[in-house]
Amino acid sequence: PGGCSPLDCRAAGICNCACYHQHHHHHVPPVCEVFMLFASPLYHEAIDFRSEAEVLGQVLEEAGSNVRLRVGAATSGSLTKLFALARSRCGLVLHLSAHAVKDEKRGVGLVLEDRTGLPHVLWRRELEAFLSNSGGLKHISLLVLSACYSEELAQVFIEHGCQHVLATREKVHDSTARRFSQYFYYELAIGSNLLRS
């Protein structure tokens, strides 16, 4: 939908993921900041976001880049603030480490945290409304959905203006996601294009 084209991006044989693009060019503007937002709420399998953030920080440092890494909880409020911030900056990457869930009636859902650490699920309709009201997605250079089965979520983000989204088709273990991030962010930090990364 929306002219998106999935591209197979199997990096070193460690990840079954797909890249979705709004247009047919695959160049992401130079990355200036990576915002890693995580949601590991109560009553859901814990995400090792600390290790993931540590890997991202190390990789950006090893690449000798000036890319800043900012880490925080993924709430509807933090996403709203980030989308507003993105309107005045370029080169922003959102690395969203969270869970995706499915329900027969409500479809796919993105699990965020509320202010108390409890799950706040944005089901597809709610996510679409949230993204429609945010207006900042077209200013995010790249969205990395570090969530199992996030391919359907990627379509929602693309349909609401995100230029490039990286998502997974299947379940991905934390260690595999970290290894993929090492390769991927190193390549992005040294200026490689999206397909090379």
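Colleague: Describe in detail the packing of helix H1 (residues 49-62) against helix H5 (residues 174-189), supporting the description with residues and values.
Modeller: Between H1 and H5, the shortest axis-to-axis distance is 9 Å and the interhelical angle comes to 30°. Accordingly, the angle class assigned to the pair H1 and H5 is roughly parallel. As H1 runs across H5, the sense of the crossing is right-handed. Contacts between H1 and H5 involve Ser51, Glu52, Val55, Leu56, Val59, Leu60 and Glu62 from the former and Arg178, Ser181, Gln182, Tyr185, Tyr186 and Ala189 from the latter. Each residue belonging to the contact of H1 with H5 can be placed in one class, and the counts come to seven nonpolar, three polar and three charged.

Colleague: Can you tell me about the packing of aromatic side chains, naming the residues and giving the values?
Modeller: Across all of its chains, the model carries four aromatic pairs by this definition. For the pair Phe38 and Phe49, a centre-to-centre distance of 3.7 Å together with 0° between the ring planes defines the contact as stacked. Separated by 11 residues along the polypeptide, Phe38 in strand E3 (residues 33-38) and Phe49 in helix H1 bring together distant segments of the chain. Per residue, the accessibility class of Phe38 equals that of Phe49, and both read buried. Aromatic side chains Phe83 and Phe130 sit 6.3 Å apart centroid to centroid with 50° between the ring planes, which places their arrangement in the tilted category. Here Phe83 is found in helix H2 (residues 76-86), whereas its partner Phe130 is found in helix H3 (residues 124-134), with 47 residues between them in sequence. Here a set of aromatic residues connected by ring pairs shows up, and it is made of Phe180, Phe184 and Tyr185.

Colleague: Let's hear about the sheet that holds strand E8 (residues 119-123): which residues, and what values?
Modeller: Hydrogen bonding along the main chain pairs the strands of a sheet, whether they run parallel or antiparallel. Overall, antiparallel pairing links the three strands, which are arranged E6-E7-E8 in an open sheet. Two strands in the sheet have a free side with no partner beyond their single neighbour: strand E6 (99-103) and E8. Between one strand and the next, the sheet's axes are offset by a mean angle of 35°, whatever the strand orientation. Bridging between E6 and strand E7 (residues 107-113) involves five bridges; their strand directions are antiparallel. Bridge pairing links Val101 to Gly109 in E7. In the packing of helix H4 (residues 151-159) onto the sheet, the strands contacted are E6 and E7, and the crossing angle to E7 comes to about 85°.

Colleague: Quick rundown of the packing of H2 against H3? Include the residues and the values.
Modeller: Axis separation between H2 and H3 bottoms out at 10 Å; the angle between their running directions is 30°. In the crossing of H2 with H3, the sense of the turn from one axis to the other is right-handed. Judged by residue contacts, Ser76, Leu79, Thr80 and Phe83 of H2 engage Phe130, Leu131 and Ser134 from H3.

The rules behind each value
Residues numbered from 1 in each chain as written. Predicted model: local features only at pLDDT ≥ 70, side-chain atom pairs only at ≥ 80, totals over all residues. Heavy atoms only, no water. Axes fitted to C-alpha atoms, helices over the stretch in contact; angles between N-to-C directions. Helix = DSSP H or I, 4+ residues; strand = E, 2+ residues; numbered from the N terminus. Parallel < 35°, antiparallel > 145°, perpendicular 65-115°, else oblique. Left-handed = near helix turned anticlockwise from the far one by under 90°. Contact = heavy atoms within 4.5 Å. Nonpolar A, V, L, I, M, F, W, Y, C, P; charged D, E, K, R; others polar. Phe/Tyr/Trp six-rings, centres within 6.5 Å; stacked < 30°, edge-to-face > 60°. Buried < 20%, exposed > 50% of the residue type's maximum accessible area, 1.4 Å probe, protein only. Pairing = 2+ DSSP bridges.

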